Amino acid sequence: MKVKVISRSTDEFTRERSQDLQRVYHNYDPNLRPQEKAVEYVRALTAAKLEKIFARPFIGALDGHRDGISCMAKNPNYLKGFFSGSMDGDIRLWDIANRRTVCQYSGHQGAVRGLTVSTDGRILVSCGTDCTVKLWNVPVATLTDSDDSTDNSSEPLAVYVWKNSFWAVDHQWEGDLFATAGAQVDIWNHNRSQPINSFQWGTDTVISVRFNPAEPNVLATTASDRSITLYDLRMSSPARKVIMRTKSNSISWNPMEPMNFTAANEDCNCYSYDSRKLDEAKCVHMGHESAVMDIDYSPTGREFVTGSYDRTIRIFQYNGGRSREIYHTKRMQRVFCVKFSCDASYVISGSDDTNLRLWKAKASEQLGVLHPREQRKHAYHEAVKNRYKHLPEIKRIVRHRHLPKPIYKAASLRRTMMEAERRKAERRKAHSAPGSIVTEPVRKRRIIKEVE
Amino acid sequence: MGAKEENGDGGGIWPPIEQEISNELDTNVKKYLRGEGANLEILKDKKLKGQLALREELYGKSAKAAAKVEKWLMPSEGGYLEAEGVEKTWRIKQEAIAREVDILSSRNQYDIVLPELGPYTLDFTSSGRYMAAAGRKGHIAVVDMKNMNLIKEIQVRETVRDVVFLHNELFFAAAQKKYPYIYNRDGTELHCLKASLLEHGAVLKLQFLRNHFLLASINKFGQLRYQDVTMGEIVGNFRTGLGRTDVMRVNPFNGVVSLGHSGGTVTMWTPTTAAPLIKMLCHQGPVSALAFHPNGHLMATSGKECKIKIWDLRKYEVLQTLPGHAKTLDFSQKGLLAVGTGSFVQILGDFSGSHNYSRYMGHSMVKGYQIGKVSFRPYEDVLGIGHSMGWSSILVPGSGEPNFDSWVANPFETSKQRREKEVRSLLDKLPPETIMLNPSKIGTVREAKKKEKPTKQEREAEMEAAVEAVKGFVWKNKTKGRNKPSKKAKKKQELVAKAKRPFLDQQLKGEQSLSKKKQKLSEELELPASLQRFARKKPTA
């Protein structure tokens, strides 16, 4: 007879000293964990609810300006440095980490319309409605950390006066050129008081300009003749142009897929285009209830943030038709400019109520240094949520966003209108001769024509 | 070329031990894969297909890792009992086993004789560390089985019919003369579950659903009641309408409560439906005991007509019928089946791997002891027996799971770990709706119901079978000229025609409806879309 029975001595399975850690034994046998799928589902549900509980995206408001914020710029070389310009001509440099003004520039006579920083982060370029472009010296990063007195006396390095007022400015990603937008697109050099090159296509005002992150000589502009135009500095004339039904207020290139850009349009939508194929938008990002004023891509290229005239900020996936996140507060008025921070974890908005606001890019993200166990827990929650995201209960909780009443009402009204329009089109089609009415996809509907 | 062949040989012929190991790993991997992977070939969406293929690969990897952990990293090995020569395992006595095993294990063989306080019933915590024993005459005891400490012993001075631990050893519920009560470890009465119902009969049997925190009880009038022990609300209260019974077990695999009735039926209940999900006639006589295999695929029932049946719960079919009577049944973690009747316990085992239970061990108590309850102690090779003269414990090698998981049930749990686990299990408390026959259905897509129409061939084959059946009809000899061959032939023809008729009718109907559909379709096609709604009103010329 051979016999053996399970025999566990207590010494083997318990710790020797009270300072020791308790040993953990694992047995992954599925029979020991009945109903594991149900348990996982319940965990996913809890994770979804926890995400909602911890969704507190608003970090703080940065006040100091005396008029609405009209434009912002981020310092590509210094994570905490943010520039903002206001309607009364004031330009400020903010330390985002401490939420205070580091430096106040003397600024412009009228509104500051555009701000941009050179690639090395040393020179700030501003332009305004007073027909001037000003170059400013950015205080060295180490200095901004140490001294607490605001430097009010900083004078511009250079002032270039030109024929027309300006609407926007953008600096080349690599190189020392910058482009201003106004009556026409002007290309400037840091050292020369006159533009080195000018482009004009049509007579209307150009309202925004952005350089391509990968190809330093390519830039895109939007103009008040409802067009989006692509320029190449190596050519003498603009390259291509697409005309839409409403004008685009702003434009932003995807830094990770630099052939794609997204335009923030007056018709409440954003349109993502492939710059090689302008006859059709790649994706239409819907959700805002009023004109979209500004757009900025995250450095990861996976999402972008938009600010709108409807007093909300939304974050979209680069390929998502609906917004991932909606941010609003009671006191935030019309949003004129938004920026993603250079580490992709914060969003900064400037609005009509003279404040800059700092938001988290992921509403329920835990800030600060995480313990590895916390990280694993968050990863697990994310994974189970992702696994059961299609189940109705979880979908409902994850999708739900509380909206201010006016926006909620506007959204439902808009939905009704769209539905009515769709029904009408459907009926019209049904009552017409077959083939005489062709339904265009939304991606093409708002485009009038493409001009080479 | 030569090198290639050499390589091939090197891969093909493995040393026998490695071959064995790889085979074992393969079978283990199968266990951890939890069923077949999805069929990705039928998917048309390339992106989805790629994502799912990646996911499947991940599942495969994790299953392989788990199998390797099981193979190499487990701290202890399971027990066994092997006969040598002419020995038979079922003839081996407990005394013989006690001589062979270590002192620590031999301490698990004992009889506690408590003759006054009547037949005892037992319950173990999920970790197997603690045991609650309740005598019919009001004696309740909680025992720490590791160091054989009596933690608390109380006398409630009334009938106690059943005792069951709640989620940990701190709380237990006892079914007493009128109501069930909840006590804590110190013997303090915490709750008296006077259900706010008009007709409350005394509770006969209690079961606790650990994942759902539900206390299921069946009372004298055959009323099944689910009570949430965290919030106290009654989740379900159903009249079975099948008479008084005290045969109730929870299927640990899916949390479905099964009841065995005096009519020979076994019914399966969930707290969300008022009617049983399954009602199966298992025995000719009353059902006397029930037990479930921990993997949820096997059920053992015993009837008073002297039969023990093993059922496959995936097909609801009998796998095996054994002769014998059982007052109580229990499956161990490793799948051994204990059958208690009179003063004899028999252990059956499935050693062929094909669900063919044969006798493994036997143990007779002192003559006259009436066994009331057998229960395997989890994570130990021990069987607890509650009988009319106290309780006993015997060694059953190979019955328990040798390796515990600290996060699931830890026999060496400290109080801090217990507190932590209580919080976690409350966070993971399942809603009652998750109790269903197949719990892995959660989160899957319900398949679209297809109207199953038999194909033409099938229909023809069916018709032919019906005709053949009629042709085989045996003509009864008749008298008075009614036995003529012509009459026989005519009758046969009639019968064949009669058998064929329903099939032909069906066919005709199908053709008619098809032609109607076609006509309608062609009618609609002629009109423009906007006028289609007038199509019906058009008079047919």
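Predicted, not measured: the structure shown is a model, and the values here were computed from it. (Residues numbered from 1 in each chain as written. Chains lettered and ligands numbered in written order. Predicted model: local features only at pLDDT ≥ 70, side-chain atom pairs only at ≥ 80, totals over all residues.)

### What about the overall build of chain A?
For clarity, the cut-off: Labels follow the DSSP assignment, with helices taken as runs of H or I lasting at least four residues and strands as runs of E lasting at least two, numbered in each case from the N terminus. Around each residue's C-beta, the other C-beta atoms within 10 Å are counted; 20 or more make the residue buried, 12 or fewer make it exposed, and counts in between make it partly exposed. All C-beta atoms are placed from the backbone.
For chain A, the count of helices and strands is seven helices and 30 strands. Projecting the C-alpha coordinates of chain A onto the three principal axes gives extents of approximately 105 × 75 × 45 Å. Among the 452 residues that make up chain A, the fraction classed as buried is 39%.

### Let's talk about the nonpolar core
Worth spelling out the cut-off: Nonpolar cores are built from buried Ala, Val, Leu, Ile, Met, Phe, Trp, Tyr and Cys residues. These are joined into a set through C-beta atoms within 7 Å.
Counting 90 residues, the largest nonpolar core has Ala174, Leu337 and Ala338 of chain B as its most contacted members. Within the second largest apolar cluster, 83 residues are counted, among which are Met72, Val169, Phe199 and Val206 of chain A.

### With respect to the sheet that holds strand 14 (residues 197-199) of chain A
All names here are of chain A. Note the following rule: Should DSSP find at least two bridges between two strands, the strands are regarded as paired. Fitting a line to C-alpha atoms yields each axis, with helices limited to the stretch in contact; the angle taken between N-to-C directions then spans 0 to 180 degrees.
Spatial strand order, 11-12-13-14: four strands in an open sheet with antiparallel pairing. Strand pairing shows two members of the sheet lacking a second neighbour, strand 11 (168-171) and strand 14, which therefore form its edges. Sheet twist, expressed as the mean angle between neighbouring strand axes with direction ignored, is 20 degrees.

### As for the domain arrangement of chain B
Quick reminder of the rule: Note that domain bounds follow an automatic or database assignment of domains.
In terms of domains, chain B is made up of domain 1 (17-72), domain 2 (90-403) and domain 3 (456-537). Spacing between the C-alpha centres of domain 1 of chain B and domain 3 of chain B amounts to 51 Å.

### Notes on the sheet that holds strand 28 (residues 382-387) of chain B
All names here are of chain B. As summarised here, the arrangement of the four strands in space is 2-29-28-27, forming an open sheet in which the pairing is antiparallel. In the strand order of this sheet, the two ends are held by strand 2 (110-113) and strand 27 (371-377), each with one partner. Between one strand axis and the next, the sheet turns by 15 degrees as a mean value, whatever way the strands run. Bridging between strand 28 and strand 29 (residues 390-395) involves six bridges; their strand directions are antiparallel. Paired with Gly384 across the strands is Ser393, a residue of strand 29.

### Considering the UniProt feature "repeat: WD" (unreviewed entry) in chain A
All names here are of chain A. Note the threshold: UniProt positions are given in the numbering used here, feature names are shortened, and annotations may be inferred rather than shown by experiment.
On the UniProt side, "repeat: WD" (unreviewed entry) is annotated at positions that read residues 62-104, 105-146, 285-326 and 328-369 here. When the span residues 285-326 is considered, its composition is 0% helix and 52% strand, and the gap between its end C-alpha atoms is 13 Å. Between the first and last C-alpha atoms of residues 328-369 the distance is 27 Å; the span itself is 0% helix and 40% strand.

### A few points about the confidence of the model for chain A
We apply this condition: One confidence number per residue, pLDDT, is output by the predictor and ranges from 0 to 100.
Summary statistics for chain A give a mean pLDDT of 92 and a share of 97% for residues scoring 70 or more. Element-level pLDDT for chain A is lowest in helix 3 (residues 141-146) of chain A, with a mean of 52, against a maximum mean of 97 in strand 23 (residues 292-297) of chain A.

### Brief notes about the pairing of strand 17 (residues 227-232) of chain A
Residue and element names in this part refer to chain A. Alignment of strand 16 (residues 218-223) against strand 17, held across five bridges, turns out to be antiparallel. Residue pairing for strand 17: Thr222 is matched across the bridge by Ile228. In this structure, the hairpin formed by strand 16 and strand 17 is closed by a connection of three residues, where Arg226 is found at a positive phi of approximately 70 degrees. Sheet analysis places strand 17 next to strand 18 (residues 240-244), joined by four bridges and oriented antiparallel.

### Description of the packing of helix 2 (residues 36-53) of chain A against helix 4 (residues 372-387) of chain A
All names here are of chain A. Formally: Roughly parallel means an angle under 35 degrees; roughly antiparallel, over 145; roughly perpendicular, 65 to 115; everything else is oblique. Contacts are defined on C-beta atoms placed from the backbone: any two residues whose C-beta positions lie within 7 Å are in contact. Following the grouping adopted for this structure description, the nonpolar residues are Ala, Val, Leu, Ile, Met, Phe, Trp, Tyr, Cys and Pro, the charged ones are Asp, Glu, Lys and Arg, and the polar ones are all others, Gly among them.
The contact between helix 2 and helix 4 brings their axes to 8 Å, and the two run at 110 degrees. Classified by the angle their axes make, helix 2 and helix 4 are roughly perpendicular. In this structure, helix 2 uses Glu40, Arg43, Ala44, Ala47 and Ala48 to contact helix 4, whose residues at the interface are His381, Val384, Lys385 and Arg387. Residue composition of the contact of helix 2 with helix 4, by class: four nonpolar, one polar and four charged.

### Concerning the environment of Val69 of chain B
If you trace the backbone, Val69 of chain B turns up in helix 3 (residues 46-72). A tally of 15 C-beta atoms within 10 Å means that Val69 of chain B is categorised as partly exposed. Sequence-wise, Val69 of chain B and Glu41 of chain B are 28 residues apart; in three dimensions their C-alpha atoms are separated by 32 Å. Discounting residues that sit within four places of it in the chain, Val69 of chain B has contacts with His26 and Tyr28 of chain A.

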